[in-house]
Amino acid sequence: QVQLVESGGGLVQAGGSLSLSCAASGSISSINYMGWYRQAPGKQRELVASITRSGSTNYATSVKGRFTISRDNAKNTVYLQMNSLKPEDTAVYYCNAEVLPTAILRSLVYWGQGTQVTVSS
């Protein structure tokens, strides 16, 4: 069984910073893609940023220049550094990863439980 556990959400004023982390644990052979999604009330879940195993990154236009995604392959952990936060960044942030479990010969997609980020104006 593979689990993704997020941490680091909270309440911050506009212009402030927060850092999220997501650690994958369990019977993992390798992790391909890791990413962060968010879902605001009444809106669809959207991709915030993603990173491949080799370090190639992709960002939503709305967060480019403000958010930075990184990962530590040795720790099976992905990070999201969020700077210059805006009230519209308020959402539940979910970690997502494409994992090759040790007991299965194909990759599966896993999700974390989500962590709340609230940015006050």
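Before going into details, it helps to say that this report is about the structure given with it. What you see is a predicted model; the values in this text were computed from it and never measured. (Residues numbered from 1 in each chain as written. Predicted model: local features only at pLDDT ≥ 70, side-chain atom pairs only at ≥ 80, totals over all residues. Heavy atoms only, no water.)

## Let's talk about the nonpolar core
Line of reasoning, step 1. Membership of the largest hydrophobic core comes to 32 residues, with the highest contact counts inside it found for Trp 36, Leu 80, Met 82 and Tyr 93.
Line of reasoning, step 2. Mapped by element, the contributors of at least two residues to this core are strand E1 (2-7), strand E3 (18-26), strand E4 (28-39), strand E5 (46-51), strand E7 (67-72), strand E8 (77-82), strand E9 (91-101) and strand E11 (115-120).
Line of reasoning, step 3. Looking at this core element by element, the count peaks at five residues for E9.
Line of reasoning, step 4. Setting aside anything within four residues of it in sequence, one finds Leu 80 in contact with Leu 18, Ser 19, Leu 20, Trp 36, Val 48, Ala 49, Phe 67, Thr 68, Ile 69 and Tyr 93. (Core = buried A, V, L, I, M, F, W, Y, C linked by side-chain atoms within 4.5 Å. Buried < 20%, exposed > 50% of the residue type's maximum accessible area, 1.4 Å probe, protein only. Helix = DSSP H or I, 4+ residues; strand = E, 2+ residues; numbered from the N terminus. Contact = heavy atoms within 4.5 Å.)

## Thoughts on the side chain of Ser 21
Line of reasoning, step 1. Residue position: Ser 21 is located in strand E3.
Line of reasoning, step 2. The residues contacting Ser 21, other than those within four sequence positions of it, are Val 5, Glu 6, Ser 7, Trp 36, Thr 77, Val 78 and Tyr 79.

## Thoughts on the packing of aromatic side chains
Line of reasoning, step 1. Going through the model one piece at a time under the given rule, you end up with one aromatic pair.
Line of reasoning, step 2. Between Tyr 37 and Trp 111, the ring centres sit 5.0 Å apart and the planes meet at 65 degrees, which makes this aromatic pair edge-to-face. With Tyr 37 in strand E4 and Trp 111 in strand E10 (residues 108-111), the pair connects residues that are 74 residues apart, well separated along the chain.
Line of reasoning, step 3. Overall, Trp 111 belongs to the partly exposed group, its relative accessible area being 38%.
Line of reasoning, step 4. In this arrangement the basic side chain of Arg 45 is found over the ring face of Tyr 94, its NZ or CZ atom lying 3.7 Å from the centre.
Line of reasoning, step 5. Note that Arg 45 overlies the ring of Trp 111, its terminal NZ or CZ placed 4.7 Å from the centroid. (Phe/Tyr/Trp six-rings, centres within 6.5 Å; stacked < 30°, edge-to-face > 60°. Lys NZ or Arg CZ within 6 Å of the ring centre and 35° of its normal.)

## A look at the pattern of salt bridges
Line of reasoning, step 1. Applying the stated criterion across every chain yields a total of three salt bridges.
Line of reasoning, step 2. The partner of Arg 38 in a salt bridge is Asp 89, and the shortest N-O contact between them spans 2.9 Å. Of this pair, Arg 38 sits in strand E4 while Asp 89 sits in the loop between E8 and E9, and the two are 51 residues apart along the sequence.
Line of reasoning, step 3. What makes Arg 38 buried here is its relative accessible area of 6%.
Line of reasoning, step 4. The structure contains a network of salt bridges with shared partners spanning Arg 38, Glu 46, Arg 66 and Asp 89. (Salt bridge = Lys/Arg side-chain N within 4 Å of Asp/Glu carboxyl O.)

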